[in-house]
Amino acid sequence: MRNAALVFDLLGIPASVPLTREDMARELKVTFIPPHRHSERLDAFSTLLKKVLKELGTEVIPYEEALAPGKEGRIKPGIVIFEQGEGRDGELGIDRVYGLYQNPVVALFESAPPIPEDPTLQETLDSIVGVLAWNLAHVPIFVESEKWTICTMNGAVIECGSDEELKKDVLQSLVPKLSAQVVPPDREKILYREGVLDPEKEGYGHYIEDYMSSAAIWRENGLMLAHTSIDELDYRNRYYRRIVSKYLDHRTGMSYGFLVWQLPVDVKPALEFGSAPNELKNAEWSDSKLLVQGDTWYARIELDEKEWLVEIPDVWLLSTRSGCNKTNLNPDRDILRLGLEKGQIVLETPKKTPASQARPSYDTYAILAHAVGNVITSALMQAKHGETEYSRIFSTRGVSISHWHGYPDRAFELPGYIVHGTENPPVSCSTPQSAAFAFSGKLEAIEANLSMGNSYRGDVHVEPHHGTNITGCMTLTETADWVDRMTKSMVKSGAA
């Protein structure tokens, strides 16, 4: 995928990760620990699953060989643990991990997913999270006679077919879930500036009004999933509860979706690389085609069968606080300022939110990837068409980014917005892959639509099994209203 290495360098992600399903499968290492429970169906499914993984190039390591020397039953880091059936306390897959983020755990159960009939999105999520908290598995799989179902912590429920389709389903849906584990951004790599944000004094009042107006729409339609408190979940014992708390970076719970305003920035038109000054053309560029000269960052972008030079300014965004209820915002506490300042991720908090309560969003890398991609989009549009509606709005008001756990209806028109990402592997948020798909997908969509010029207004980035990011000229309220009208139209037509 072109330009993926560039976004890793821009965001300071030391990543060389597989981006195709096939490469993900080949880089996977898994082991199956001794079953907690035997049954004809689970034994057969487990045997077939091992066979299919091997055929896909995954290294299936015998349990005894997967053990870390001197670690009393712990599995070596980097190996995915499969467990079968519900285990007893002290014998779960999580009890065998080398470290909290070292070994994703997949649990196989012989039952239907414990989701109520005709559930709301919130009821589905709460049911899945309850299973995860009780069994401390990252990915539960429910095996039935005619199908098997993958569930994830972001509320995804993926029904897969019969044994004859297993190889396809494993490659398409399961492998990407295991290729990169959901891990919150490292707080040690983020620069915190505590209590420095004052929205009213800084002239952000109109953004705050938009936040509150959009939150009301999301609250009314129930499409933005609410906060799930870890205090409301059932645990086997206090020890396992502490594991969940630590895994979530000591957050009070999980919230879903985000609302962001990317603040206006002066973006210079892109230059064809051949027309750039000699000191830039002849400079020592990194392998990812990023160049830092003093305080100025430059990127070389391959698009439209040409190479373009784009100056990358610092980007700043107002963003909802991770863990807050996006449908019932407290503007004094729940709106932060997120920045990428000369390659450094910065998080600035309002006076009433100490840094200890401002955990970085799991979507931080994806949000910043979109933000930098928006800068490059504006630069390219200006180079091709002069000032456009998008570049004018971006430089004067900024653009909005909304993420919710739903998907666009192609039949419900959103003029000027390009849809991309539907064929990407369904990776989780917080992974390097999610940033790569956001950034590269945006630029590839622009490449195919550079002729849009003044009609371009933004992009719709679909994240399979995860949700959708809508970025562009609409306000947060306009975006929420569009999603609301689209969903009601789908219900009316029987499509949802």
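Attention in this report is confined to the structure presented alongside it. (Residues numbered from 1 in each chain as written. Predicted model: local features only at pLDDT ≥ 70, side-chain atom pairs only at ≥ 80, totals over all residues. Heavy atoms only, no water.)

## Description of helix α7 (residues 205–221)
Then, number 1: Compared with the 24 Å implied by 1.5 Å per residue over 17 residues, the 25 Å span of α7 between its first and last C-alpha is a close match.
Then, number 2: Buried within α7 are the following residues: G205, Y207, I208, D210, Y211, S214, A215, I217 and W218.
Then, number 3: Within two residues after α7, G222 carries a phi angle of roughly 70°, on the positive side. (Helix = DSSP H or I, 4+ residues; strand = E, 2+ residues; numbered from the N terminus. Expected span 1.5 Å × (residues − 1). Buried < 20%, exposed > 50% of the residue type's maximum accessible area, 1.4 Å probe, protein only.)

## Regarding the sheet that holds strand β15 (residues 306–312)
Then, number 1: Pairing is antiparallel across the open sheet formed by four strands, whose spatial order is β12-β15-β14-β13. Whereas interior strands pair on both sides, the edge strands pair on one side only; in this sheet they are β12 (271–272) and β13 (290–293).
Then, number 2: Where helix α10 (residues 364–385) meets the sheet, its contacts fall on β14 (296–303) and β15, and the angle it forms with β15 comes to roughly 120°. (Pairing = 2+ DSSP bridges. Contact = heavy atoms within 4.5 Å. Axes fitted to C-alpha atoms, helices over the stretch in contact; angles between N-to-C directions.)

## Section: the packing of helix α3 (residues 40–55) against helix α6 (residues 166–179)
Describing two packed helices takes the angle between their axes plus the distance from one axis to the other.
Then, number 1: Look at α3 against α6: their axes get within 10 Å of each other, and the N-to-C directions meet at 70°. Taken together, α3 and α6 sit at an angle that is classed as roughly perpendicular. Contacts between α3 and α6 involve F45, L48, L49, V52, L53 and E55 on the former and, on the latter, L166, K167, V170 and L174.
Then, number 2: Taken together, the residues that form the contact of α3 with α6 break down as eight nonpolar, no polar and two charged. (Parallel < 35°, antiparallel > 145°, perpendicular 65-115°, else oblique. Nonpolar A, V, L, I, M, F, W, Y, C, P; charged D, E, K, R; others polar.)

## Quick notes on the pairing of strand β21 (residues 458–463)
Then, number 1: Extensive coverage of β21 is indicated by the burial of six of its six residues.
Then, number 2: Viewed along the sheet, the connection from strand β20 (residues 417–420) through helix α12 (residues 432–447) into β21 turns out right-handed.
Then, number 3: With six bridges connecting them, β21 and strand β22 (residues 467–472) associate as antiparallel partners. By the bridge assignment, V460 is partnered in β22 with I470.
Then, number 4: Adjacent in sequence and paired antiparallel, β21 and β22 are bridged by three residues, among which H465 carries a positive phi angle near 65°. (Right-handed = clockwise from strand over helix to strand, strands pointing away.)

## Comments concerning unusual backbone geometry
Then, number 1: The phi dihedral of E72 is positive, around 50°, even though this residue is not glycine.
Then, number 2: For L136, which is not glycine, the phi torsion reads 55° and is therefore positive.
Then, number 3: Here L136 shows up in the loop between α5 (121–135) and β5 (139–143).
Then, number 4: Its relative accessible area of 7% is what places L136 among the buried residues.

## Concerning the pairing of strand β7 (residues 157–160)
Then, number 1: Only one face of β7 is buried, namely the one carrying I158 and C160, since none of V157 and E159 on the opposite face is buried.
Then, number 2: Across four bridges, the pairing between strand β6 (residues 148–151) and β7 is antiparallel. Note that in β7 the partner of W148 across the bridge is C160.
Then, number 3: Adjacent in sequence and paired antiparallel, β6 and β7 are bridged by five residues, among which G155 carries a positive phi angle near 95°.

## Here we look at α3
Then, number 1: With 16 residues, α3 extends 23 Å from end C-alpha to end C-alpha; this agrees with the ideal 22 Å at 1.5 Å per step.
Then, number 2: Just downstream of α3, G57 is the residue with a positive phi angle, here 95°.

## Structural notes on the sheet that holds strand β1 (residues 29–32)
Then, number 1: Spatially, β2-β1-β3-β4-β5-β6-β7 is the arrangement adopted by the seven strands of the open sheet, whose pairing is mixed. The open sheet is flanked by β2 (59–60) and β7, the only strands paired with a single partner.

## Digging into the packing of aromatic side chains
The relation between two aromatic rings is expressed through the spacing of the ring centres and the mutual angle of the planes.
Then, number 1: Per the counting criterion, the structure on display carries eleven aromatic pairs.
Then, number 2: Plain terms: the ring middles of F32 and F82 are 4.6 Å apart, the flat faces sit at 15° to each other, and that makes the pair stacked. Placement of the pair is F32 in strand β1 and F82 in strand β3 (residues 80–84), with a sequence separation of 50 residues.
Then, number 3: Its relative accessible area of 11% is what places F32 among the buried residues.
Then, number 4: With a relative accessible area of 1%, F82 lands in the buried category.
Then, number 5: Between Y390 and F394, the aromatic rings sit 5.9 Å apart at their centres with planes inclined by 50°, giving tilted as the arrangement. Taken together, the positions of Y390 and F394, both in helix α11 (residues 389–396) and four residues apart, correspond to about one turn of that helix. F394 shares its class with Y390; the two are buried.
Then, number 6: When the ring centre of F273 is taken as reference, the NZ or CZ atom of R300 above it lies at 4.1 Å. (Phe/Tyr/Trp six-rings, centres within 6.5 Å; stacked < 30°, edge-to-face > 60°. Lys NZ or Arg CZ within 6 Å of the ring centre and 35° of its normal.)

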